[in-house]
Amino acid sequence: MFHVPSTPGGASIRAFGEYQPSNVVTNADLEKRVETSDEWIQSRVGIRERRIAGPDDTVASMAIAAGGKALATGGMSPEDIDLVIVATCTVQDQIPNTAATVAAALGISAPGAFDVNAACAGFCYALGLASDAVRAGSARNVLVIGSEKLSDWVDWDDRSTCVIFADGAGAAVVSASEEHGIGPVVWGSSGERADKIFLREGKYLYQEGQAVFRWTTTELYKVALEALERAGVEPSELTAFVPHQANLRIVESIARKLGAPRALVARDIVTAGNTSSASIPLALSRMVERGELPSGSIVLTLGFGAGLVYAAQVIRVP
């Protein structure tokens with residue numbers, strides 16, 4: 001028999017952190033560039049404004065800022081971390097990976113480090129991997145970050161996409177614990193629909209909006225309900241529902257089908273836009289800071305995006 005290192009048996013989130021660029025782009029600003037209006041944008045995707053990275057903001061630099069804040073919030077030092085996972089689909093260069101660069105910049109010495117590309121479901125995928133690594137004894141404390149610079153991949157003359165996407169990063173520290181604070185991840189993919197979101201001309205994000213809307217609003221609430229069932233949580237027990245901030249209409253449609261009337265539904269997209277894998281941890285961190293999610297809150301997360309991939313899990317707020 002192999003010797004398996006003993007662990008307390010569970011994994012929990014210890015702290016969150018986030019970073020948003022300072023540059024705010026409103027719907028009125030976009031009206032000056034493309035044929036659109038505040039009413040058109042809000043009625044279709046629910047966004048009033050979004051944050052767009054400046055020239056000095058990179059996927060790595062935003063991840064460093066969010067990760068550093070999560071460490072500070074959790075009262076942890078770089079020496080405590082032994083694994084770094086960065087979820088992203090917008091790095092310009094595939095080599096070297098972002099996680100190792102981020103770890104070095106934060107002063108984390110010789111951790112395991114890798115990137116995950118599950119598009120907008122990336123944070124949920126990375127969180128599931130982090131939880132499994134801790135529970136298996138492969139890591140003690142894991143820094144999980146979602147960081148995206150979608151503005152590098154947007155055609156700013158295409159009104160169907162430039163009004164949606166934005167930039168930012170969110171992070172969480174996952175640590176060994178006596179209790180289970182992260183439920184089983186329910187994940188999967190619908191690869192036969194992968195052509196619904198892709199890079200047009202190899203450089204511009206493009207999605208078939210109606211096809212993606214139908215898929216998300218008719219199929220993904222079932223994934224969310226399965227995550228609740230596997231965690232042993234009833235919809236009525238939820239404190240909040242924090243899905244990927246893709247589109248406010250999608251968020252509200254899935255929330256209605258969950259049948260969780262007491263749950264606070266994240267609507268971070270209104271002021272943050274769609275930040276892909278960063279959207280869930282970014283929303284969680286901001287909700288905690290505003291006092292909307294006190295310690296012990298039970299939260300359902302649901303990520304979905306290009307691939308088409310999806311993942312959901314229940315977490316307990318530190």
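Conventions and cut-offs
- Residues numbered from 1 in each chain as written.
- Predicted model: local features only at pLDDT ≥ 70, side-chain atom pairs only at ≥ 80, totals over all residues.
- Heavy atoms only, no water.
- UniProt positions renumbered as here; feature names shortened; annotations may be inferred.
- Helix = DSSP H or I, 4+ residues; strand = E, 2+ residues; numbered from the N terminus.
- Pairing = 2+ DSSP bridges.
- Contact = heavy atoms within 4.5 Å.
- Axes fitted to C-alpha atoms, helices over the stretch in contact; angles between N-to-C directions.

To continue, consider the UniProt feature "domain: Beta-ketoacyl-[acyl-carrier-protein] synthase III C-terminal" (unreviewed entry) in the protein. If you check UniProt for "domain: Beta-ketoacyl-[acyl-carrier-protein] synthase III C-terminal" (unreviewed entry), the listed places come out as residues 228-316 in our numbering. Strand forms 25% of residues 228-316 and helix 34%; the C-alpha atoms that close the span are 12 Å apart.

What follows covers the UniProt feature "domain: Beta-ketoacyl-[acyl-carrier-protein] synthase III N-terminal" (unreviewed entry) in the protein. Within this numbering scheme, the UniProt entry marks residues 114-191 as carrying the feature "domain: Beta-ketoacyl-[acyl-carrier-protein] synthase III N-terminal" (unreviewed entry). End C-alpha atoms of residues 114-191 are separated by 23 Å, and the span's content is 24% helix alongside 35% strand.

Bringing the sheet that holds strand β14 (residues 309-316) into the picture now. Ordered in space as β8-β14-β13-β11-β12, the 5 strands form an open sheet in which the pairing is mixed. Looking along the sheet, the strands with just one partner apiece sit at the ends: β8 (186-189) and β12 (264-265). Strand direction decides the pairing type here: β8 and β14, joined by 4 bridges, are antiparallel. Across the sheet, residue V186 finds its bridge partner in β14, namely A312. Of the strands in this sheet, β8, β13 (298-305) and β14 touch helix α7 (residues 209-231), which is tilted by about 40° from β14. Running over the sheet, helix α10 (residues 279-289) touches β11 (240-243), β12, β13 and β14 and is turned about 145° from β11.

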